[in-house]
Each structure stands twice: as C-alpha cells, then as structure tokens.
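Per-entry structural report
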Amino acid sequence: MLGQPLYPDPLQVAGEWHADGRGVAIATVIETWGSAPRPVGSHLVIDSEGNFHGSVSGGCVEGAVIVEAADVIASGAARILEFGVADETAWRVGLSCGGRIRIYVERLG
Amino acid sequence: MLLEHLHRLNTARDARLAAVTITPLDIGEARLFLEGELHDPAAAPAIESALRTGKSGIVEIGGQAAFVNVYLPPPRIVVIGAVHISQALAGMAETAGFDLSIIDPRSAFATEERFGKAKLLAEWPEEALQHTPLDAYTALVAVTHDPKIDDFPLAKALEAGCFYVGALGSRKTHAGRVERLAKLGVNESAIASIHAPIGLDIHASSPAEIAVAILAEIIQTLRTRDVTAGRRAAA
C-alpha cells in the first residue's frame, strides 16, 4: 500500500474516543488469503458502546468483530479472530466473497 | 495498543513521518519504531523491508511470528513547470497512486485547459512552497529549463531531503546548474544526488515517454531508498 489517506482516520478517532473517557478496541487485518476486500494493516476501531469507525472487510465480518471487541475492552486481553469460507462461523457472519482473513483485536491503553 | 504508542504514531503520521509497529502473535507487548530511529538488530531487516515496500504482514523475528504494520505517508510529486511532459506525468502519477501538484508562475502554461483536474499553482516556487512544504516523502521534478524558476525549488528539495530530485536538461545544461547550485551554497554530495539527465534511460523520445521514464525512476528511487539513514535534513 502506498498509504492512501483515509479520512477521518480510524487511529485518530481511537485517540479522540479514548480522550472522551470511552473504552476503545483496535482491530487490525493481519493476514489475508484469496479475495479479501481490505488490505493487511487496515483498522477498525470500536468503543465500549459499540460505535465503530474504519473497516476490516467489505462490511461482512464487522458485526462479529464488534461483539468480540466488547469482550476485549472488558478483559483487556487481546485476541486473534479468523474468518473464512472454510469456517462455519465465518459463513454465518457472511464472508461470502471467498477470502479468508485474520484479525488482531486489542484494547487501547 | 499502548496509549503512548497511539499518540506517537498519530503525531508521526501528522508530520508525514513513516512508522512501523511490531506485534508478537503470542499476544506479547507491541513495539513502535519511527523512521530514522535506531532499530533493534533482530527486527531491523523486517522494519527496513516494510519501510521500503510499504507492505504490512506477518514475519518471523527471533524465531517468533510477529505482525509488522507499516504506516507510510502518501507519497507526493511536485512538478516545477507546466509543460508538455507534466501534462502526461499528471495522469500517470494519479494512476500510480501519487498525489501530484504542478507549480509554474507562467500563467500561460499553468492553465486548467491544459491540465484538467490536476492540482495547479500558478505561482513562483518561492511562494508556492511556503504552503506546500517539501519533505522526505516528496519527489521534486524540475522541468522548465529556466534557472529562474528551477534553481530555488531544487535547492529547497535537497535541503528538505526529498526522496527524489530530478531536473530536465542535457549534461551541458546540468553542468551549468551544478555550478549555480554550488554558488547558492548547496553542498556537493546533495548536488550529486540530483537525477540528471532526468528519468530512467529507456530512450524515451516523446513527452509522454519521458514522463514514463521519470515516473519509473521516481518509483525505483522510492522502493530502493536507504531507510536506515533517516531524514537527510532536520525537519
């Protein structure tokens, strides 16, 4: 990636939310196989209310990531999620584009 | 992510500085490196490769899998001279993902009719570069042939550590330019880093072909640059 600007930038938003006193999780695409809609390194940021900004897929798995993010914000323990067509859960959340992705979810702060 | 890392990362990105985060996949403590900082020797090859290619991914560092995320500022091209070559270069640069702007004080050259939606500044470089400062992720291409227009931005680009500085003109024209820049106080090794004659040697002939040669040389320089030295000049 050349580093295309993405406004408003998810990591800027994460900083603002944290400054507002909200719990924040950062989800990052760490690996992709096949036709994944967002490149490795893309961020989705989520607050404790379930507000989110940015993306880790074309909208297919964001719902599931937001649910996991709530646990990560509560526990502080980072985790790695995997979605793909080979996986029953992934099919249910709808990564039907044929790709597989791994996402790292961590708490900010 | 540590809050301190997020703040340093966001500040670096605002300042158009490159940064790399390394997160061990066994969920250990992540680390943040800014371009030009001393790197941990075990992680240095992964960091340098990420800075050069702009590619994030999983790599092995010290026998352990880690995710390397690289944040590069969007590369820019600043062209001095709204000439025929610049018309071709504007379209190609956009396709290749560069943010291009053209500066030319000659209002007959810098017209919307000739350049469509390209970013045009019909000003002297002395003025234009005040609101569009040059930096390490900017390529400067001087193509007017006119020392009154080209020399100042060339000196500025070398001072700012632009990753690429190129100037159009024959070897003879360039010899004159080298003398003038030396008189302006630009140091010898900086002058020697100017790409002149400009562009990869592909025997380009038409303005569009010369634009291809210039863009190819910019990409080659961006992807092979020395990322260990940091920025050449203090920001």
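Here's a quick rundown of the structure. (Residues numbered from 1 in each chain as written. Chains lettered and ligands numbered in written order. Predicted model: local features only at pLDDT ≥ 70, side-chain atom pairs only at ≥ 80, totals over all residues. Heavy atoms only, no water.)

As for the overall build of chain A
Helices and strands together make up the secondary structure of chain A, namely 3 helices and 5 strands. When the elements of chain A are put in sequence order from the N terminus, they spell out α-β-β-β-α-β-α-β. Out of the 109 residues belonging to chain A, those deemed buried represent 44%. At a minimum sequence separation of 6, the contacts of chain A that also span at least 24 residues come to 53%. (Helix = DSSP H or I, 4+ residues; strand = E, 2+ residues; numbered from the N terminus. Buried < 20%, exposed > 50% of the residue type's maximum accessible area, 1.4 Å probe, protein only. Contact = heavy atoms within 4.5 Å.)

Some remarks on the interface of chain B and chain A
Contacts between the two partners involve 26 residues from chain B, matched on the other side by 28 residues from chain A. Across the chain B/chain A interface, buried area totals approximately 2100 Å², and carbon plus sulfur atoms make up 60% of it. Seen at the junction of chain B and chain A, the total is 1 salt bridge. With a shortest N-O distance of 2.4 Å, Asp9(A) and Arg13(B) are connected by a salt bridge. At the surface where chain B touches chain A, the tally comes to 8 residue pairs in polar contact (both at pLDDT 80 or more). Residue assignment for the side of chain B that touches chain A shows that the elements contributing at least two residues are α1 (3-14), β3 (57-61), β4 (64-71) and α9 (207-224) of chain B. Considering each element in turn, the side of chain B that touches chain A owes the most residues, 6 residues, to α1(B). Of the residues belonging to the side of chain B that touches chain A, the class tally is 16 nonpolar, 7 polar and 3 charged. (Buried area = accessible area lost by both parts, 1.4 Å probe. Salt bridge = Lys/Arg side-chain N within 4 Å of Asp/Glu carboxyl O. Polar contact = N/O pair within 3.5 Å; in protein donor to acceptor, adjacent residues only side chain to side chain. Nonpolar A, V, L, I, M, F, W, Y, C, P; charged D, E, K, R; others polar.)

Some remarks on the pattern of salt bridges
Evaluation of the coordinates by the stated rule reveals 17 salt bridges over all chains. Notably, a salt bridge pairs Glu82(A) with Arg100(A), separated by 2.9 Å at the nearest N-O pair. With Glu82(A) in strand β4 (residues 79-84) and Arg100(A) in strand β5 (residues 100-107), this residue pair connects regions lying 18 residues apart in the sequence. Salt-bridge contacts for Lys156(B) lead to Glu159(B); the nearest nitrogen and oxygen are separated by 3.9 Å. Placement of the pair is Lys156(B) and Glu159(B) together in helix α6 (residues 147-160), with a separation of 3 residues, close to one helical turn. According to the relative accessible area criterion, Glu159(B) is exposed, its value standing at 53%. The structure contains a network of salt bridges with shared partners spanning Asp20(A), Arg22(A) and Asp47(A).

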